[in-house]
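Notes for the structure review
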Amino acid sequence: MSVIGVVALQGDFREHARILAGMGHDVFPLRRESELDLVDAIVLPGGESSTQDKLMRAFGLREPLMRAIADGMPVLGSCAGMIMLAHDLADGIDGQQTLEAIPMTVRRNAFGRQVDSSEMTIEWIDGSPMHATFIRAPWVEAWDDSVEVLAAVDVDGVTHPVAVRHANAIATSFHPEISGDSRVHALLTEAIG
Ligand code: GLN
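Residues numbered from 1 in each chain as written. Predicted model: local features only at pLDDT ≥ 70, side-chain atom pairs only at ≥ 80, totals over all residues. Heavy atoms only, no water.

As a further point, take the side chain of Asp53. Tracing the sequence through the fold places Asp53 in helix α2 (residues 49–58). Judged by its relative accessible area of 1%, Asp53 is buried. Leave out the neighbours within four places in its chain, and Asp53 touches Met84, Gly95, Gln96 and Gln97. (Helix = DSSP H or I, 4+ residues; strand = E, 2+ residues; numbered from the N terminus. Buried < 20%, exposed > 50% of the residue type's maximum accessible area, 1.4 Å probe, protein only. Contact = heavy atoms within 4.5 Å.)

Pasting the structure below:
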């Protein structure tokens, strides 16, 4: 059984905790640098990335998280968590920073500001269907060759990744913690050495 820290500064950390606990893992809300020593993997939840960024810096967590991820700690980010993992942002607010973990550009609120939320069935990496919940969701707009695309949507003939993996980091535009599908979280826990 692994110990997973869900970064709990803002957003839907309880939903991630519920699904991971249901898979048999020990989960706790992570808010301090010292707690990084206690975990095998990290989750960055959905919420509001610009607020999460400010809180992460105020709590002195940004650099420690960047170091832990660079040192190989498995991490999963959903929605705002995907934004936090991106190297670059399109449509970030002034001065918005990220953890710069995945060499990709992520567009915030990519499906249009008026599109509050939507449900879609997407094709998962193994060809199977996955029910996905998108809430003011980002998508990946540009990505390095080293980024593995796990799922994508086509909008107006252009392919936009909505789930990606790069080394020990996994990111989804959608909310697997809300739909209750544990396949994405399973990729995270499989990455624990
Ligand atoms: N639009 C939000 C942001 O920019 C993300 C939305 C979400 O996490 N559901 O952070």
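Another aspect to go through is the sheet that holds strand β4 (residues 75–78). The strand order across the open sheet formed by seven strands is β2-β1-β3-β4-β12-β11-β10, and the pairing between neighbours is mixed. This sheet does not close on itself; its edge strands, each paired only once, are β2 (26–30) and β10 (148–155). Along the sheet, successive strands turn relative to each other by an average axial angle of 20°, direction set aside. As defined by bridge partners, β4 adjoins strand β12 (residues 169–172) across four bridges and the pair is classed as parallel. Within β12, the position partnered with Val75 by the bridge is Ala169. Sheet strands in contact with helix α1 (residues 13–22) are β1 (3–7), β2, β3 (41–44) and β4, and its direction is about 165° off that of β1. (Pairing = 2+ DSSP bridges. Axes fitted to C-alpha atoms, helices over the stretch in contact; angles between N-to-C directions.)

Next up on the list: the site of the ligand. If you check the shell around the ligand, you find Gly46, Gly47, Glu48, Ser49, Cys79, Ala80, Ile83, Arg108, Asn109, Ile135, Arg136 and His175 and nothing else. Between the ligand and the protein, one listed contact pairs an oxygen atom with a backbone N or O atom of Gly47 at 2.9 Å. Within the side chain of Asn109, one N or O atom sits 2.9 Å away from a nitrogen atom of the ligand. Here the ligand loses 97% of its free accessible area of 300 Å² to cover by the protein chains. Of the residues in the shell around the ligand, the class split is four nonpolar, five polar and three charged. (Near = heavy atom within 4 Å. Polar contact = N/O pair within 3.5 Å; in protein donor to acceptor, adjacent residues only side chain to side chain. Areas by Shrake-Rupley, 256 points an atom, 1.4 Å probe, with all protein chains shown as cover. Nonpolar A, V, L, I, M, F, W, Y, C, P; charged D, E, K, R; others polar.)

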